[in-house]
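Understanding the architecture of this molecule
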Amino acid sequence: EPEVTQTPSHQVTQMGQEVILRCVPISNHLYFYWYRQILGQKVEFLVSFYNNEISEKSEIFDDQFSVERPDGSNFTLKIRSTKLEDSAMYFCASRQLGLAGVNEQFFGPGTRLTVL
Amino acid sequence: AQSVTQPDIHITVSEGASLELRCNYSYGATPYLFWYVQSPGQGLQLLLKYFSGDTLVQGIKGFEAEFKRSQSSFNLRKPSVHWSDAAEYFCAVGARGGADGLTFGKGTHLIIQP
């Protein structure tokens, strides 16, 4: 069964450093998403991406964040200058372009980012 | 804006007993509704979803949920829980059409007593 994969599973970085989180969505999916989950809290939407551009972003997704689909398979989230409060689990998700806007998203296992 | 409320932060159930996890949503039209399960240190697994049609939907692992428009609810049920059901359960709502992200509730932590 096809699945969303994410690397690395755990990333430790120093405050102020840049990090890139990587995701490989399911191959025939066209919408891509990033979410984050701060420890013990709910999952929060960051950004959606379609047709090589951002479709929607939340207020969390400020200028420190960027997304890119550098090739036909990878989808990345970059945090330019990490802050302590960026420590969280980051989930990538993807969905197929379904009929009538059906919105079933498949999630990856997550990358745990720890900012020291 | 849409929102999801899961009023129970923790629920403890004895193994073999029935389970109901509550979820209420706020959305201007008929939403897409989902239940996801998250085991410790794991990602999110889709249990079931409601898009349209029959308001009682069946999912994996013996779970079901019922969409009640009049109550803006989408409660998750299971007739007999197993120890392996211990996990965090998230209800989520999605908008129809477009690329909107899902809005999640805060989750309910399910504890199974032997």
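Conventions used here
Residues numbered from 1 in each chain as written. Chains lettered and ligands numbered in written order. Predicted model: local features only at pLDDT ≥ 70, side-chain atom pairs only at ≥ 80, totals over all residues. Heavy atoms only, no water. Helix = DSSP H or I, 4+ residues; strand = E, 2+ residues; numbered from the N terminus. Rg over C-alpha atoms; globule rule 2.2 N^0.38 Å. Buried < 20%, exposed > 50% of the residue type's maximum accessible area, 1.4 Å probe, protein only. Contact = heavy atoms within 4.5 Å. Areas by Shrake-Rupley, 256 points an atom, 1.4 Å probe, with all protein chains shown as cover. Polar contact = N/O pair within 3.5 Å; in protein donor to acceptor, adjacent residues only side chain to side chain. Pairing = 2+ DSSP bridges. Disulfide = S-S within 2.5 Å. Phe/Tyr/Trp six-rings, centres within 6.5 Å; stacked < 30°, edge-to-face > 60°. Lys NZ or Arg CZ within 6 Å of the ring centre and 35° of its normal. Buried area = accessible area lost by both parts, 1.4 Å probe. Salt bridge = Lys/Arg side-chain N within 4 Å of Asp/Glu carboxyl O. Axes fitted to C-alpha atoms, helices over the stretch in contact; angles between N-to-C directions.

1. Quick notes on the overall build of chain B
Each helix and strand in chain B was counted, giving zero helices and 12 strands. A globule of 114 residues ought to have a C-alpha radius of gyration of about 13 Å, and chain B, at 14 Å, matches this closely. The principal-axis extents of the C-alpha atoms in chain B amount to approximately 45 × 30 × 20 Å. The buried share of chain B, taken over its 114 residues, is 47%. The contacts in chain B between residues at least 6 apart in sequence include a share of 55% that link residues at least 24 apart. When the accessible surface of chain B is split by element, carbon and sulfur atoms take 49% of a total near 5,200 Å².

2. Remarks on the side chain of Gln38 of chain B
Along the chain, Gln38 of chain B turns up in strand E5 (residues 32-38). Gln38 of chain B sits in the buried class, given a relative accessible area of 12%. Looking at Gln38 of chain B, its side chain comes within polar contact range of the side chain of Gln37 of chain A, at 3.0 Å. When sequence neighbours within four positions are dropped, the list of residues in contact with Gln38 of chain B reads Gln37 and Phe91 of chain A together with Gly43, Leu44, Ala87, Glu88 and Phe90 of chain B.

3. Looking at the pairing of strand E11 (residues 111-115) of chain A
All names here are of chain A. Alternating positions in E11 separate cleanly, Thr111, Leu113 and Val115 being buried on one face and Arg112 and Thr114 remaining unburied on the opposite face. Inspection of the sheet shows strand E2 (residues 10-13) paired to E11 by four bridges, in the parallel sense. Pairing of Val12 across the sheet is with Thr114, part of E11. In this structure, strand E9 (residues 88-95) lies alongside E11, joined through three bridges in antiparallel fashion. The residue bridging Met89 from the neighbouring strand is Arg112, located in E11.

4. Comments concerning the state of the cysteines
Residues and elements named next belong to chain B. The tally for this structure, following the rule as stated, stands at two disulfides over all chains. The side chain of Cys23 participates in a disulfide bridge whose partner is Cys91; the two sulfur atoms lie 2.0 Å from each other. Across the S-S bond linking Cys23 and Cys91, the dihedral sits near -65°, which makes this disulfide left-handed. Highlighted residues: Cys23 in the loop between strand E3 (19-21) and strand E4 (24-26) and Cys91 in strand E10 (residues 87-94), separated in sequence by 68 residues.

5. Focus on the environment of Ser55 of chain A
Note that Ser55 of chain A resides in strand E6 (residues 53-57). Put simply, Ser55 of chain A and Lys83 of chain A are 28 residues apart on the chain and 25 Å apart in space, counted from C-alpha to C-alpha.

6. Description of the packing of aromatic side chains
Applying the stated criterion across every chain yields a total of 21 aromatic pairs over all chains. Seen in terms of ring centroids, Phe61 of chain A and Phe65 of chain A are 5.6 Å apart; in terms of plane orientation they differ by 25°. Their pairing is stacked. Relative to Phe104 of chain B, the ring of Phe90 of chain B lies with its centre 6.3 Å away and its plane at 85°, an arrangement referred to as edge-to-face. On the criterion of sequence distance, the pair formed by Phe90 of chain B in strand E10 and Phe104 of chain B in strand E11 (residues 103-104) is long-range, its members being 14 residues apart. Taken as a pair, Phe90 of chain B and Phe104 of chain B share a single burial class, namely buried. Through a chain of ring-to-ring contacts, three or more aromatic side chains come together here, namely Tyr33, Tyr35, Phe45, Phe91 and Phe107 of chain A together with Tyr32, Phe34, Tyr36, Phe51, Phe90 and Phe104 of chain B. Of note, Arg95 of chain A hangs over the ring of Tyr31 of chain A, and the distance from its end group to the ring centre comes to 3.9 Å.

7. Things to note about the interface of chain A and chain B
Taken together, the contact between chain A and chain B spans 21 residues of the former and 22 residues of the latter. For the chain A and chain B pair, buried surface summed over both sides reaches about 1,700 Å², with 56% attributable to carbon and sulfur atoms. Taken together, the links from chain A to chain B amount to one salt bridge. In this structure, Lys49 of chain B engages Glu104 of chain A in a salt bridge whose closest nitrogen and oxygen atoms are separated by 3.4 Å. Counting across the interface, chain A meets chain B through four residue pairs in polar contact (both at pLDDT 80 or more).

8. Some words on the sheet that holds strand E3 (residues 19-24) of chain A
Residue and element names in this part refer to chain A. Read across the sheet, four strands follow the order E1-E3-E8-E7 without closing on themselves; strand pairing throughout is antiparallel. The open sheet has two free edges, formed respectively by strand E1 (5-7) and strand E7 (65-68), since each of these has just one partner strand. Adjacent strand axes in the sheet meet at a mean angle of 20°, parallel and antiparallel pairs treated alike. When E7 meets strand E8 (residues 75-79), the two strands line up antiparallel, connected through four bridges. When the sheet's bridge partners are listed, Glu68 is paired in E8 with Thr76.

Shape descriptors only; they carry no functional weight alone.
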